[in-house]
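Chain by chain, the residues run as shown.
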Amino acid sequence: MDQQQIQTLGAELYQALRQRQVIAPLTERHPDMSIEDAYAVQQAMQALRLASGERVVGKKIGVTSQAVMNMLCVYQPDFGWLTDGMVYNEGEPIAAASLIQPKAEGEIAFVLKKTLKGPGITAADVLAATEGVMACFEIVDSRIRDWKIKIQDTVADNASCGVFVLGDRLVDVRDVDLYTCGMVLEKNGEIVATGAGAAALGHPANAVAWLANTLGRLGIALEAGEVILSGSLAAMVPVQAGDNLRVTIGGIGGCSVRFV
């Protein structure tokens, strides 16, 4: 794709985000779009967010669990950017009308104390660079109509990121088994999803290492102080106004969110 097409699609996605409207899948209109093109569109969209005053506070890894792969028919991980405009605090209400077609994912968030830059980053490197982990919700949201996405569509759309909510407890990675820790996601008091740390590319630290190495090839680091969302541990759960959700992860703690 040429630069003009990339800028145009980035602006289209940014306007869809701001106006809370859906657009037709990009891959329907540009069937030859490559993943590299899609990341260029993502950067164009991201540049507009930063120009509006938002700042980067972390990164996210998407499509790490088989459950999400099967739901979206997307079979490889991707990444997106987290900004301060996406952050909600534990228990803080989220206006459902501020999103388009949201779904909730229970995840483990890593808070870094050291910068990681690939290539060659291992899961052990990730754990050594981690200040602590937290239970979190990523509220994914797609600007693409009816979630009709291919990998290029979700990549271009900042890996379908909406907002995220961090729990109120930071746990040392040495005090928890991130591989076996179990997750329970409740919606309005009913258990709607369960999973374990191993769902995220076999181990959440594997997912963060994948991200560090993937971004490293682009000259981008995972910076000290950033929050890294390591990927959903179960299927996505649709949400709407009136819903109350809680995720609990063994050894880490919980996180709650409500939609109004």
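Residues numbered from 1 in each chain as written. Predicted model: local features only at pLDDT ≥ 70, side-chain atom pairs only at ≥ 80, totals over all residues. Heavy atoms only, no water.

1. Points about the overall build of the protein
Which entries qualify depends on this criterion: Helix and strand labels come from DSSP, where a helix needs a run of H or I of at least four residues and a strand needs a run of E of at least two; each type is numbered from the N terminus. What the globule rule says is 2.2 Å times the number of residues to the power 0.38, and the radius of gyration is computed from C-alpha atoms. Buried residues are those whose accessible area, probed at 1.4 Å on protein chains only, stays under 20% of the maximum for their type, while exposed residues exceed 50% and partly exposed ones sit between those limits. We count Lys and Arg on the positive side and Asp and Glu on the negative side, and we leave His and both chain ends out. Throughout, a charge is located at the NZ atom of Lys, the CZ atom of Arg, the CG atom of Asp or the CD atom of Glu.
Regarding its fold elements, the protein presents seven helices and 13 strands. Here the C-alpha atoms of the protein give a radius of gyration of 17 Å, agreeing with the 18 Å that 2.2 N^0.38 yields for 260 residues. Taken along the three principal axes of its C-alpha coordinates, the protein extends 50 × 45 × 35 Å. Expressed as a percentage of its 260 residues, the buried residues of the protein come to 56%. Computing the positive centroid from 21 side-chain charges and the negative centroid from 29, the protein places the two 2 Å apart.

2. Quick word on the UniProt feature "domain: Fumarylacetoacetase-like C-terminal" (unreviewed entry) in the protein
In plain terms, the rule: UniProt positions are given in the numbering used here, feature names are shortened, and annotations may be inferred rather than shown by experiment.
Residues given the UniProt feature "domain: Fumarylacetoacetase-like C-terminal" (unreviewed entry) here are residues 85–258. Secondary structure content for residues 85–258 is 14% helix and 37% strand, while the C-alpha to C-alpha distance between its ends is 18 Å.

3. A look at empty space enclosed by the protein
Applicable threshold: Cavity means a closed set of points on a 1 Å grid over the protein atoms alone, one where a 1.4 Å probe fits but cannot get out, pocket means an open set with protein on both sides within 12 Å along at least 5 of 7 lines, and lining means a residue has an atom within 4 Å of a point. Grid points are joined across faces, edges and corners, and a volume is the space filled by probe spheres set on the points.
Inspection of the entire model under this criterion finds one cavity of 30 Å³ or more. Taken as a whole, the largest cavity encloses approximately 70 Å³ of empty space. Lining the largest cavity we find 13 residues, and of these Lys60, Val63, Leu72, Glu105 and Ala159 sit closest to its centre. If you list the elements that add at least two residues to the lining of the largest cavity, you get strand S1 (56–62) and helix H4 (66–72).

4. Quick look at the pairing of strand S8 (residues 182–187)
Test applied: Two strands are counted as paired when DSSP detects at least two bridges linking them.
Only one face of S8 is buried, namely the one carrying Met183, Leu185 and Lys187, since none of Gly182, Val184 and Glu186 on the opposite face is buried. Both S8 and strand S9 (residues 190–196) contribute to a ladder of six bridges, which runs antiparallel. Residue pairing for S9: glutamate 186 is matched across the bridge by isoleucine 191. Between S8 and S9, which pair antiparallel and follow one another directly, the connecting turn spans two residues, one of which, asparagine 188, has a positive phi of 55°. Here S8 runs beside strand S12 (residues 244–249); their pairing, made up of five bridges, is antiparallel. Its bridge partner being in S12, methionine 183 is matched across the sheet by isoleucine 249.

5. Brief notes about the layout of surface pockets
For clarity, the cut-off: Each residue receives one of three labels: charged for Asp, Glu, Lys and Arg, nonpolar for Ala, Val, Leu, Ile, Met, Phe, Trp, Tyr, Cys and Pro, and polar for the others, Gly being one of them.
Approximately 250 Å³ is the volume found for the largest pocket. Around the largest pocket sit 15 residues that line it, and Leu17, Arg18, Arg20, Arg49 and Ser98 are the ones nearest its centre. Elements represented by at least two residues in the lining of the largest pocket include exactly helix H1 (3–19) and strand S7 (161–166). Classifying every residue of the lining of the largest pocket gives six nonpolar, three polar and six charged. Each pocket or cavity is described by its volume, and for the second largest pocket that value is around 180 Å³. Lining the second largest pocket are Ile35, Glu36, Tyr39, Gln76, Pro77, Phe79, Ile151, Val155, Trp210, Thr214, Arg217 and Leu218. Where the lining of the second largest pocket is concerned, the elements lending two or more residues are helix H3 (35–51), helix H6 (151–156) and helix H7 (204–216). With three residues, the single largest contributor to the lining of the second largest pocket is H3. The class makeup of the residues in the lining of the second largest pocket is eight nonpolar, two polar and two charged.

6. Focus on the pairing of strand S6 (residues 130–140)
Counting buried positions along S6 gives ten out of eleven residues, so the element sits mostly inside the fold. Across five bridges, the pairing between S6 and S7 is antiparallel. Counterpart to glutamate 138 in the pairing with S7 is phenylalanine 164.

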